[in-house]
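Next come the chains, spelled out residue by residue.
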Amino acid sequence: MEEQVGDKARKSELFEEFARVGKALGNGKRLELVDLLSQGERSVETLAAAAGLGLSTASAHLQALRQAGLVTTRRDGNRIHYDLAGPDILRLYSLLRSVAQEHVAEVESKRVAYLGLDGARAEEEEVTREDLLARVGAGTVTVLDVRPDEEYGVAHIPGAVSIPLDQLLDRLSELPDDREIVAYCRGAYCVLAYEAVDLLHSNGRRARRLHEGMLEWRLGGLPVEAAAV
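Here's what I pulled together on the structure shown here. (Residues numbered from 1 in each chain as written. Predicted model: local features only at pLDDT ≥ 70, side-chain atom pairs only at ≥ 80, totals over all residues. Heavy atoms only, no water.)

## Here we look at the sheet that holds strand E6 (residues 161-162)
Taken in spatial order, the five strands of this open sheet run E4-E8-E7-E5-E6, and their pairing is parallel. Either end of the sheet is taken by a strand with one partner, and the two such strands are strand E4 (126-127) and E6. Along the sheet face, helix H7 (residues 129-138) touches E4, strand E5 (141-145), strand E7 (180-184) and strand E8 (207-210) and points at about 120 degrees away from the line of E5. Most of the contacts of helix H9 (residues 192-202) go to E8, to which it runs at about 175 degrees, and overall it touches E4, E5, E7 and E8. (Pairing = 2+ DSSP bridges. Helix = DSSP H or I, 4+ residues; strand = E, 2+ residues; numbered from the N terminus. Contact = heavy atoms within 4.5 Å. Axes fitted to C-alpha atoms, helices over the stretch in contact; angles between N-to-C directions.)

Below you can see the structure in the form of structure tokens.
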């Protein structure tokens, strides 16, 4: 039986509500903000700085995400903090990237160029999550978190040492030189860990990169710690 006119109108209204999510995510800078929030709660100011946006522009993008139900807010004095509305948003963001890489031809070439994989840098310098857990348990590896301090403070791999990438060269002496270092950052499309491994190699250290990063670690339900306040 064909839908009645009233049914079609209600169906259109329903699908418009679904479309609100797609519209909110249909902007590269908003996706970049979601990527940053996949690491944990952040203030508007730190999100704007990390995404290279002005404060008012970042706020407008975050409001669009909030109106679509994708993020939540918390006030702390004069500051507004944003967070993803739930783990399903993490899964949605991860799936969106996977679909794009699988079906949009240009994604792979841009990924390779951004991560520097078209030169000497190689993806085989990786450690799986399962291997890392086993080696952490055996005490045979140093886990290095090269994300900004704020992201480490919200959630990090248990036992990981925090040295942001821009401080790594000056703080190499804090890392033991008798064991391999496994560096990680935000996720599969984050360049920080690649650059950290390059720097460690150039300074004579044994180092590899964790396959993917914190986003995928959290999606896998693996243990995380927060820094003591």
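## Examining helix H4 (residues 55-67)
In a regular helix each residue adds 1.5 Å, so 13 residues correspond to 18 Å; H4 covers 18 Å between its end C-alpha atoms and thus fits that length. Every buried residue belonging to H4 is among Ala 58, His 61, Leu 62 and Leu 65, and all of these are buried. Viewed along the axis of H4, the buried residues span an arc of 100 degrees, placing them on a single side of the element. In this structure, H4 carries Ser 56 and Gln 67 as exposed residues pointing more than 90 degrees from its buried face. (Expected span 1.5 Å × (residues − 1). Buried < 20%, exposed > 50% of the residue type's maximum accessible area, 1.4 Å probe, protein only. Arc of directions from axis to C-beta.)

## Thoughts on the packing of helix H5 (residues 87-103) against helix H6 (residues 105-115)
Two numbers describe how H5 lies on H6: the axes approach to 5 Å, and their chain directions differ by 105 degrees. As far as their axial angle goes, H6 and H5 are roughly perpendicular. Contact residues: Ala 100, Gln 101 and His 103 in H5; Ala 105, Val 107, Glu 108 and Arg 111 in H6. Here the residues of the contact of H5 with H6 sort into three nonpolar, two polar and two charged. (Parallel < 35°, antiparallel > 145°, perpendicular 65-115°, else oblique. Nonpolar A, V, L, I, M, F, W, Y, C, P; charged D, E, K, R; others polar.)

## Section: the sheet that holds strand E2 (residues 71-76)
The sheet built from three strands is open, its strands ordered E1-E3-E2 with antiparallel pairing. This sheet does not close on itself; its edge strands, each paired only once, are strand E1 (42-43) and E2. Of the strand pairs in this sheet, E1 and strand E3 (residues 79-84) are connected by two bridges, and their pairing is antiparallel. In the sheet register, Ser 43 faces E3, and the bridge partner there is His 81. Contacts between helix H2 (residues 28-37) and the sheet are confined to E1, E2 and E3, with E3 contributing the most and set at about 85 degrees to the helix.

## A closer look at the layout of surface pockets
Roughly 800 Å³ of internal volume is contained in the largest pocket. Along its surface, the largest pocket is lined by 30 residues, and Glu 32, Asp 35, Tyr 93, Tyr 114 and Tyr 189 are the ones closest to its centre. Those elements that place two or more of their residues in the lining of the largest pocket are H2, H5 and H6. Across the lining of the largest pocket, the residue classes tally to 17 nonpolar, four polar and nine charged. (1 Å grid on protein atoms, 1.4 Å probe; cavity = no way out; pocket = protein on both sides within 12 Å on 5 of 7 lines; lining within 4 Å. Points joined across faces, edges and corners; volume = space filled by probe spheres on them.)

Note that all results are geometric; they support no functional claim without further evidence.
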